[in-house]
Structure formats: C-alpha cells, structure tokens
Amino acid sequence: MGLRCGIVGLPNVGKSTLFNALSNTKAEAANYPFCTIEPNVGIITVPDVRLNVISDMVKPQKTIPTVVEFVDIAGLVKGASKGEGLGNQFLANIREVDAVIHVVRCFEDANVAHIPGTINPVSDKEIVETELQLKDLETIEKRILKKEKIAKMGDPIAKKEVTILEKTKYLLEEGKNVRSYQMSDYEKELLVKDLQLLTSKPIIYVANIDEHSINGNSYSQQLSEAVNNEQTEVILISAALESQLAELDPEDQNLFLHEYNLAEPGLNRLIHVSYKILNLITFFTTGEKEVRAWTVKKGSKAPAAAGTIHTDFERGFIRAEVIKYDDLIHYKSIHACKEAGKLFIEGKDYIVRDGDIIYFRFNV
C-alpha cells in the first residue's frame, strides 16, 4: 500500500520549503500567498536501516525500499470553506490523502510575510482547523437532508445513519474534530471511507522553527500545549535547515547533523511518526533478484500482506515462511536461520509483525 501525506497550512509558513527539502521534486517557494496553486507531488523513499542490513547479507541484484508520497497543497486562508482564496481546491486535495501534515509557523522573520500579521501558532492552527470543520459540517448537513427523507419512509439503515450524522454534526459545532472520538467500524465506514470527512484524517503538526531554535522556542511550546489533548504529535523541524541538508552529499550531511546536534534529518522523523500515527508496519521479501520493503497496516494477516505484492498471491495463498529480523541478525544469514530452525511456517491467520522477512507460497 502507498502512504500519501498532504502538507497543509496557511500561506508562507514554509510548506513548500519543507517539501523541497523532502523531495527531489522542487516546488516553487516564494514570499507571496498562493505560490503553490496546483499540488506538487514528491515520491520519497522510506529510510530503514533494516533493509540495508538484509541487502548486505543477501546481496541481491536490486534493493527496493518502500515509499511515501508527499503532496504540497495550496495555502489555506480564512473563509476557505466558503471558497475564499483557493479554498475549494485546497479542501478537495486534502480528501485524497491518508494523513495531514499541518505546518505551523514558529519563527520570526521580517522578510517573510505572514498573512494574519502577528506570529501566533495557536491562532494559525485554529484558522486551518476551523475551515476543515466548517467544510465537514457542510458535508454532514447535505447528507442529513438526503437521508432524513429516506428515514421518514421507515428505512432502518437510513435512521441509523441520521443518528450518527446528527451526533457528528453536534461534535463539529462544538469545535471538535471527528478523529477526536472513538468510532465503531460502521461509523468509520460512513464518516471516513464514504464521506471522507477532513477532520477524520490523522494529523501531525510540524512546528517550523528557525535554525537557532532546534530544541524549540516559545512558539513551538504554545503549539505543543494547544494540541496536548489530541492524539497527535508535534515535530520540531527547521525547513530552512532541512533545505540546506538536502543539497549535501551523505558524508557532509552527517557533519551538518553533528554540528546542530541532530541524530537524523527531520524527514526521517516525519516519516517514522507518519507510520506510527497511521498504524503501519514494514515487512521484507528477499531473493537473488531483489530485497524489498513493503508497507501494511498493523494487524494485517499473511494473505493480506501477500496481496500487497500481487492480488494473485492473496487469492492463491497457501502459507507464509517467516524469519524474524532479530533472528537474521543473530544467525547472520537466511540459510543459517533455516538450519537453526528459525524459519516458521505460518497459515492464513498469522498476523504479520514489523520486520518480518517473508516468503509466500501460493497457487496461480
């Protein structure tokens, strides 16, 4: 499965600068509103040291990482839910992503215009959040009007749906996001999959700080406190520093990171948190031709994991032959793991674990 994250925020908060640092696709970054009109898309490989370790042992012809797709979406302004600025386009683009990365300005720079005037990360966050909630309210109200007519005719499914919609409408009117409450499978099917409500999507906040505030500042602290009760995370990233880092070769990157006391690039942290918030894990396949990483939902069973490789693998699934990554590290090779009895034969009910190395047997 592909992971698609949308980078959003007010104009001039550093979205495109961050995107440029993350991707080989260079989005235009400039000091004026709506610099990004059509969403820019970048396909970025997921850093995973385990893939490199496995590849060094197996020595395949190719090593293929899994990828994340980042989408740089046009800046949103107050009134976007009613079509102000590029609101309709912005909101439509958000519907197409798996997770939202909300970039919030947490730096001062007189040379970079800020639409609201003063730097206030909490207010900026609330502007974007309110517009998403208003758009969801509009979607909900339209569906209620449609389903109420059917419910009045005695349709039990329509009645159930109206009840859920009314509850969700009240939640949004209270200024809360759909993702803030526990949903049943039925509610998820309706609100997330069918209606694709914007505030149902997982969100990660990126506090865009200056290079002198690597460990945070008063603005990033305000943002962290404002989202303290949400099921989310705040990542401190200096988009300007990441942009410089992206231009360096690997050796110089390490020196650069050391200079700023950073363990890894912001990109790595952002991807890892994206996986965590979307409940994703990685498994690996190996062979002489290729070693490859694959992404699945945590809790996926072996046939579903096989289906990420090819639908025929899921339909004709027989069994999965599994080696644990830690066993591979201990025994140093696939062959040695087999000799030590560390290759496990698993059936259709096996739940794939993060780091599993799997060979699927199937009927064509």
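Residues numbered from 1 in each chain as written. Predicted model: local features only at pLDDT ≥ 70, side-chain atom pairs only at ≥ 80, totals over all residues. Heavy atoms only, no water.

Colleague: Any chance you could explain the pattern of salt bridges here in plain terms?
Modeller: Between side chains of opposite charge, pairing is possible as soon as their charged atoms come close. In total, this model carries 20 salt bridges according to the counting rule given. A salt bridge links Glu 173 to Lys 169, with the nearest nitrogen and oxygen atoms 2.8 Å apart. Of this pair, Glu 173 and Lys 169 both sit in helix H5 (residues 156-173), four residues apart, roughly one helical turn. Residues participating in the shared-partner salt-bridge network are Arg 4, Glu 69 and Glu 96. (Salt bridge = Lys/Arg side-chain N within 4 Å of Asp/Glu carboxyl O. Helix = DSSP H or I, 4+ residues; strand = E, 2+ residues; numbered from the N terminus.)

Colleague: I would appreciate a short explanation of the environment of Ile 237 in the present structure.
Modeller: Note on placement: Ile 237 falls in strand S7 (residues 234-237). What makes Ile 237 buried here is its relative accessible area of 1%. When sequence neighbours within four positions are dropped, the list of residues in contact with Ile 237 reads Leu 18, Val 206, Ala 207, Asn 208, Ile 209, Glu 242, Gly 266 and Arg 269. (Buried < 20%, exposed > 50% of the residue type's maximum accessible area, 1.4 Å probe, protein only. Contact = heavy atoms within 4.5 Å.)

Colleague: Explanation requested: the packing of aromatic side chains in the structure shown.
Modeller: Where two aromatic rings form a pair, the distance of their centres and the angle of their planes describe that pair. Overall, the coordinates contain four aromatic pairs when judged by the stated rule. Where Phe 313 meets Phe 362, the ring centres are 4.0 Å apart and the plane angle is 25°; that geometry is what we call stacked. With Phe 313 in helix H12 (residues 311-315) and Phe 362 in strand S12 (residues 357-362), this residue pair connects regions lying 49 residues apart in the sequence. The partly exposed category is assigned to Phe 362, whose relative accessible area is 28%. Ring pairs connect the aromatic residues Phe 283, Phe 317 and Phe 360, which therefore count as one cluster. Above the plane of the ring of Tyr 186 lies Lys 160, whose end atom (NZ or CZ) is 4.0 Å from the centre. (Phe/Tyr/Trp six-rings, centres within 6.5 Å; stacked < 30°, edge-to-face > 60°. Lys NZ or Arg CZ within 6 Å of the ring centre and 35° of its normal.)

Colleague: Is there a simple way to explain the pairing of strand S4 (residues 67-72) in this structure?
Modeller: Side chains on a regular strand alternate between the two faces of the sheet. Two elements, strand S1 (residues 3-8) and S4, share five bridges in a ladder whose sense is parallel. Bridge pairing in S4 links Cys 5 to Phe 70. Inspection of the sheet shows strand S2 (residues 40-45) paired to S4 by six bridges, in the antiparallel sense. Bridge pairing in S4 places Asn 40 opposite Asp 72. (Pairing = 2+ DSSP bridges.)

The quantities given are spatial measurements derived from coordinates; they are silent on function.
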